Each structure stands twice: as structure tokens, then as C-alpha cells.
Amino acid sequence: MEEFLNDLPKLAKDKHKENKTFFTKLKKKAPKQLDYIMQELHEAEFKKTDCLTCANCCKTTGPLFTDKDVQRIAKHFRQKPQQFIDTYLRLDEENDYVLQSVPCTFLGADNYCSIYDVRPKACAEFPHTDRKKFQQISNLTLKNVAICPAAFNIVEEMKKRIKY
Ligand code: SF4
Ligand code: SF4
């Protein structure tokens, strides 16, 4: 996994043009069974990829924290939401709450998330490869393939499966 993670930014860069063309076509004409295909590809990929050997998303990018996330996690720490915000979060350029620093403060040395049961929704859903109408998050996915080995592999499989 470590070697793959080291190579991933370059691999993603090499595939960027091809991926961009593919997603432009996907947005114009998504197959009717796209949700089903994505579910299948997502499940197959995460059967072989163990996030605990990776944690690259937690190490290199942070999630957005919604108001609900803040309330839930603050409650978990028995803090007031504002206390939690002041300790761990900052506002980004788009006025969203994000982590003050990466790797994420809640990531353990063993790659376990110490707030797993109450983690932000964005963490639970990352890399979003099983979401419905996947073509709507093409731009985000183009970025995620450089961070997430599973997303990279899933996009490679998509291109084999959906021919234009
Ligand atoms: S979601 Fe992707 S980047 Fe995050 S730990 Fe799993 S494989 Fe790695
Ligand atoms: S909250 Fe947990 S899952 Fe989310 S980035 Fe931090 S360690 Fe990873």
C-alpha cells in the first residue's frame, strides 16, 4: 500500500486528461444503470482495499464539519460546540469549518479514528463512490483519485466497464 500511496499523485496526474474526458462524457450521457454499476464497483474495491492500511484521506485532507457534525462530536467530548470549534476547527476560504491541521487530530498511529462512531458525515461517505448519480461529483472525483487509492482503482474500472 505504501508504494501505491507514494506513486498515486503521479499516477493520477498521468491519468488526469483521460479521466477528465471520460467524466465529461459521463456527465453528458450516463448509463441508465450507473447507480448499480457504482455500487458493484465500490463493494468489489472495498473488499480488497483495507482503509486501516491506508488512512491517506485522514492524513492529507480533512473533512468539512457541518453544524450537525460539530454538535454530535462536541457532545461526545462533553464540550459546548463553540469549545470544540475553538479547539479543533477553523473557517476556510468558503466559510466552512475544517480541521486546524492535517493529519487529522483524531487519527491514531494505528490508523484508527478515535471518534469513528461520531465522525463527520464527509468522513463516513468518503470517497463517495457508492453515492447515487455519481456523475454529479465528477470534479471532486478527479481530485480524489490523487488521494484515495480505492477511488483511483474504481475510476479505472469504470472506464473499462462504461465504454464511449
Ligand atoms: S477512503 Fe481511500 S484514502 Fe481513505 S483510507 Fe480508504 S482507501 Fe485510503
Ligand atoms: S475524523 Fe476520523 S475519519 Fe475523519 S479525518 Fe479524522 S481520523 Fe479520519
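Residues numbered from 1 in each chain as written. Chains lettered and ligands numbered in written order. Predicted model: local features only at pLDDT ≥ 70, side-chain atom pairs only at ≥ 80, totals over all residues.

The name an unreviewed UniProt entry gives the protein chain is Zinc-or iron-chelating domain-containing protein, with Olleya namhaensis as the organism.

K.L.:
Summarise the overall build of the protein chain; cite the residues concerned and give the values.
P.N.:
The number of helices and strands found in the protein chain is eight helices and two strands. Along the protein chain, helices (α) and strands (β) appear in the sequence α-α-α-α-α-β-β-α-α-α when read from the amino end. A compact globule built from 164 residues should have a C-alpha radius of gyration of about 15 Å, and the protein chain, at 17 Å, falls within 12% of that. Along the longest, intermediate and shortest principal axes, the C-alpha atoms of the protein chain span 50 × 35 × 30 Å. By the burial criterion, 25% of the 164 residues in the protein chain qualify as buried. Contacts spanning at least 24 positions in sequence make up 69% of the contacts within the protein chain whose residues lie at least 6 apart. (Helix = DSSP H or I, 4+ residues; strand = E, 2+ residues; numbered from the N terminus. Rg over C-alpha atoms; globule rule 2.2 N^0.38 Å. Buried ≥ 20, exposed ≤ 12 C-beta atoms within 10 Å, placed from the backbone. Contact = placed C-beta atoms within 7 Å.)

K.L.:
I'd like to hear about the environment of Lys-48, residue by residue, with values.
P.N.:
Mapped onto the secondary structure, Lys-48 falls in helix 2 (residues 34-48). On the neighbour-count criterion, Lys-48 (8 C-beta atoms within 10 Å) is exposed. Each C-alpha atom, one on Lys-48 and one on Ala-150, is 9.1 Å from the other, the two residues being 102 residues apart in sequence.

K.L.:
Summarise the site of ligand 2; cite the residues concerned and give the values.
P.N.:
In the vicinity of ligand 2, the residues found are Cys-58, Gly-62, Pro-63, Cys-104, Phe-106, Leu-107, Cys-113, Ile-115, Arg-119, Pro-120 and Cys-123. Taken together, the residues of the shell around ligand 2 break down into nine nonpolar, one polar and one charged. (Near = placed C-beta within 6 Å. Nonpolar A, V, L, I, M, F, W, Y, C, P; charged D, E, K, R; others polar.)

K.L.:
Can you break down the nonpolar core residue by residue, with the values?
P.N.:
Ranked by internal contacts, the top residues of the largest apolar core, which has 25 residues, are Leu-89, Val-145, Cys-148, Ala-151, Phe-152, Ile-154 and Val-155. When residues of this core are traced back to their parent elements, those giving at least two are helix 2, helix 3 (56-60), helix 5 (81-88), strand 2 (97-99) and helix 8 (149-161). Residues in contact with Cys-148, not counting those within four places in the same chain, are Asn-56, Cys-57 and Pro-127. (Core = buried A, V, L, I, M, F, W, Y, C linked by C-beta atoms within 7 Å.)

K.L.:
Can you lay out the site of ligand 1 for me, pointing to particular residues and giving the numbers?
P.N.:
Near ligand 1 the following residues occur: Thr-49, Cys-51, Cys-54, Ala-55, Asn-56, Cys-57, Phe-126, Pro-127, Ile-147, Cys-148, Pro-149 and Ala-150. Residue composition of the shell around ligand 1, by class: ten nonpolar, two polar and no charged.

K.L.:
Tell me about the domain arrangement of the protein chain, and name the residues and values.
P.N.:
Domain boundaries assigned for the protein chain yield domain 1 (2-49 + 126-157) and domain 2 (64-118). Centre-to-centre separation of domain 1 and domain 2, based on C-alpha positions: 27 Å. (Domains from an automatic or database assignment.)

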